[in-house]
Amino acid sequence: MDKNFQEEEMAQITKFTPPLYKQRYQFVKDLVEKYKPKKVADLGCADGSLLRMLKFCSCIEVLAGLDICASVMEEKMYTLSPLPIDYLQPPERSLTITLHQGSVAHKDPCMLGFDLVTCIELIEHLEESELKKFPEVVFGFMAPDIVVISTPNSEFNPLLPGVILYRHPDHKFEWNQAQFQGWALEAARCYDYSVEFTGVGHPPTGMESVGFCTQIGVFLRKYPQTSKPVHSEKPTEAVYKTVFKAVYPSLKDEKYLQNAVVNEVTFTAQIIKHRFMSKHEEYGDGPERKSKFQPSVNYFSDFLGKLVVEKNMEPFVSGNVVYVPLTTIFSFPKVNRLCGTFEKLCKLIAGKVTMSSDGSAVMLSTEYEEN
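Parameters at a glance
- Residues numbered from 1 in each chain as written.
- Predicted model: local features only at pLDDT ≥ 70, side-chain atom pairs only at ≥ 80, totals over all residues.
- Heavy atoms only, no water.
- Pairing = 2+ DSSP bridges.
- Helix = DSSP H or I, 4+ residues; strand = E, 2+ residues; numbered from the N terminus.
- Axes fitted to C-alpha atoms, helices over the stretch in contact; angles between N-to-C directions.
- Expected span 1.5 Å × (residues − 1).
- Bend = angle between axes of the 7 residues up to and from the residue.
- Buried < 20%, exposed > 50% of the residue type's maximum accessible area, 1.4 Å probe, protein only.
- Contact = heavy atoms within 4.5 Å.
- Phe/Tyr/Trp six-rings, centres within 6.5 Å; stacked < 30°, edge-to-face > 60°.
- Lys NZ or Arg CZ within 6 Å of the ring centre and 35° of its normal.
- Core = buried A, V, L, I, M, F, W, Y, C linked by side-chain atoms within 4.5 Å.
- Patch = residues over 30% accessible without salt bridge, like charges linked within 9 Å, V, L, I, M, F, W, Y side chains within 5 Å.
- Areas by Shrake-Rupley, 256 points an atom, 1.4 Å probe, with all protein chains shown as cover.
- Salt bridge = Lys/Arg side-chain N within 4 Å of Asp/Glu carboxyl O.

(A) Structural detail: the sheet that holds strand β3 (residues 96-101). Here we have eight strands laid out as an open sheet, ordered β6-β7-β5-β4-β1-β2-β3-β8, and mixed in their pairing. Sheet topology places β6 (193-200) and β8 (241-247) at the edges, where each strand pairs with a single neighbour. Geometrically, the sheet is characterised by an average inter-axis angle of 15° between neighbouring strands, direction not taken into account. As defined by bridge partners, β3 adjoins β8 across six bridges and the pair is classed as antiparallel.

(B) Representation of helix α6 (residues 128-142) within the structure. An ideal rise of 1.5 Å per residue puts 21 Å on 15 residues; α6 measures up with 20 Å between its terminal C-alpha atoms. The sharpest bend along α6 comes to roughly 30°, located at phenylalanine 134, with the proline proline 135 sitting one to four residues further on. Residues of α6 that are buried: Leu131, Phe134, Pro135, Glu136, Val137, Val138, Phe139, Gly140, Phe141 and Met142. Along its buried surface, α6 packs onto β1 (39-43), β4 (116-120), β5 (146-152), α7 (177-190), β6 and β7 (214-221). At the exit of α6 stands alanine 143, carrying a positive phi of roughly 45°.

(C) Seen up close, the packing of aromatic side chains. Counted under the stated rule, the structure contains 14 aromatic pairs. Ring centres of phenylalanine 173 and tryptophan 175 lie 4.6 Å apart, and the angle between their planes is 35°; this geometry places the pair in the tilted category. In terms of burial, phenylalanine 173 and tryptophan 175 fall into one category: buried. Arranged with centres 5.9 Å apart and planes meeting at 75°, the rings of phenylalanine 180 and phenylalanine 197 form a pair that is edge-to-face. Here phenylalanine 180, found in helix α7, pairs with phenylalanine 197, found in strand β6; they are 17 residues apart in sequence, far enough to count as distant. In this structure phenylalanine 197 comes out as partly exposed when scored by relative accessible area, which is 29%. Among the aromatic residues, those joined into a cluster by ring pairs are Phe134, Phe173, Trp175, Phe180, Trp183 and Phe197. The residue whose ring lies beneath lysine 39 is phenylalanine 114, and the NZ or CZ to ring-centre distance is 5.1 Å.

(D) Local environment of the nonpolar core. Counting residues in hydrophobic clusters, the biggest one holds 38 residues, and the most contacted among them are Val32, Leu54, Ile60, Leu99 and Val148. Of all the secondary structure elements, the ones that give two or more residues to this core are α2 (20-35), α3 (49-54), β3, β4, β5, β7 and β8. Counting residues per element, this core draws most heavily on α2, at seven residues. Of all hydrophobic cores here, the second largest spans 34 residues; its members include Leu126, Phe141, Val147 and Tyr223.

(E) Fine view of the sheet that holds strand β11 (residues 361-365). Sheet architecture is open: three strands sit in the order β9-β10-β11, paired in antiparallel fashion. Looking at the sheet topology across the chains shown, the edges are occupied by β9 (316-318) and β11. Sheet twist, expressed as the mean angle between neighbouring strand axes with direction ignored, is 30°. Inspection of the sheet shows strand β10 (residues 321-325) paired to β11 by five bridges, in the antiparallel sense. Across the sheet, tyrosine 323 pairs through a bridge with methionine 363, a residue of β11.

(F) Highlighting unusual backbone geometry. In the segment running from threonine 17 into proline 18, the intervening peptide bond is cis, with an omega of -5°. Secondary-structure assignment places proline 18 in the loop between α1 (3-14) and α2. One non-glycine residue, lysine 36, adopts positive backbone phi at about 55°. Assignment of secondary structure puts lysine 36 in the loop between α2 and β1. Overall, the relative accessible area of 52% leaves lysine 36 in the exposed class. If you check the backbone angles, alanine 46 has positive phi at about 55° while not being a glycine. Looking at where alanine 46 falls in the secondary structure, it is placed in the loop between β1 and α3.

(G) Looking closely at the side chain of serine 49. Mapping serine 49 onto the fold places it in helix α3. You can call serine 49 buried: its relative accessible area is 16%.

(H) Looking closely at a nonpolar patch on the surface. A cluster of nonpolar side chains, contributed by Leu83, Ile85 and Leu88, occupies part of the molecular surface with about 310 Å² of accessible area. Residue placement: isoleucine 85 occurs in helix α5 (residues 84-88).

Written as structure tokens, this is what we have:
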């Protein structure tokens, strides 16, 4: 039985709202919002539920999941793929999500360089031999800035209906508060971390000594970011198998940035043209006459913000073509933010937008397009 589903049933009986697994995920998300890690790895990721939540955190650029069971990861790994909207409106940040099949008792170079490593309801599934190697792999070899470890608190078990020995048939052990804290403090001492204890799933009033239903240790690395751990040597060979990888579109990729800039320049030029033609018709100017663009503050507020247009930035008509100066378009906040410099704007739209012979203005037909 899926452990999250089992816990959800248990949570309903004991009135945990939201269910414990959601509280654990929210705890991790709150920690991410506090420390803003760029690279996060979830050990024992199962079907990737936590990764699906964390992929929406704007600070994260790399997400990795590791689990011993490839089939469990493969069930829902498609939900970690980019959606069509991600390609239509790429964000500024980059994001890569990778799933690996392997054991937390083994070292692999792909798990180096992470800022935050989460081990949510993992250690109680480890055999004794794996648990012995776990601290060296996570704290000594991977050595992230932050490690979050959650595990069941056995002192809470008598309060959970139906729990006789362990909460899940695959658990190899379940520690009480003293056992977990003793293990965590020793690991922190050996590998130069500090550790704070907390949890989720409050006990009933009057039974506070029982502790949280899920106990959590938050480990913070003591030595500076530039220091290298001295406890472990890096292996030269990969031992994990990659079962999934998704690279999300990003404006850091020039291909997607160019598409975004071209679309925004075209949209902005069309807006300016339509406003210009409306003013043209209002004053009865002929299309063959050069006419000055008189912007409306309300109009710009509705579309793209306030903009003061100088004389050398005014659109004009020649024949059946409206010329919209590129400097005008570059002054609009979104275009400016996307490009950064006028030179980059010119480079990105070269050959993609119809321009005047001297490259100073976007050319648009005076005719209104029919939808």
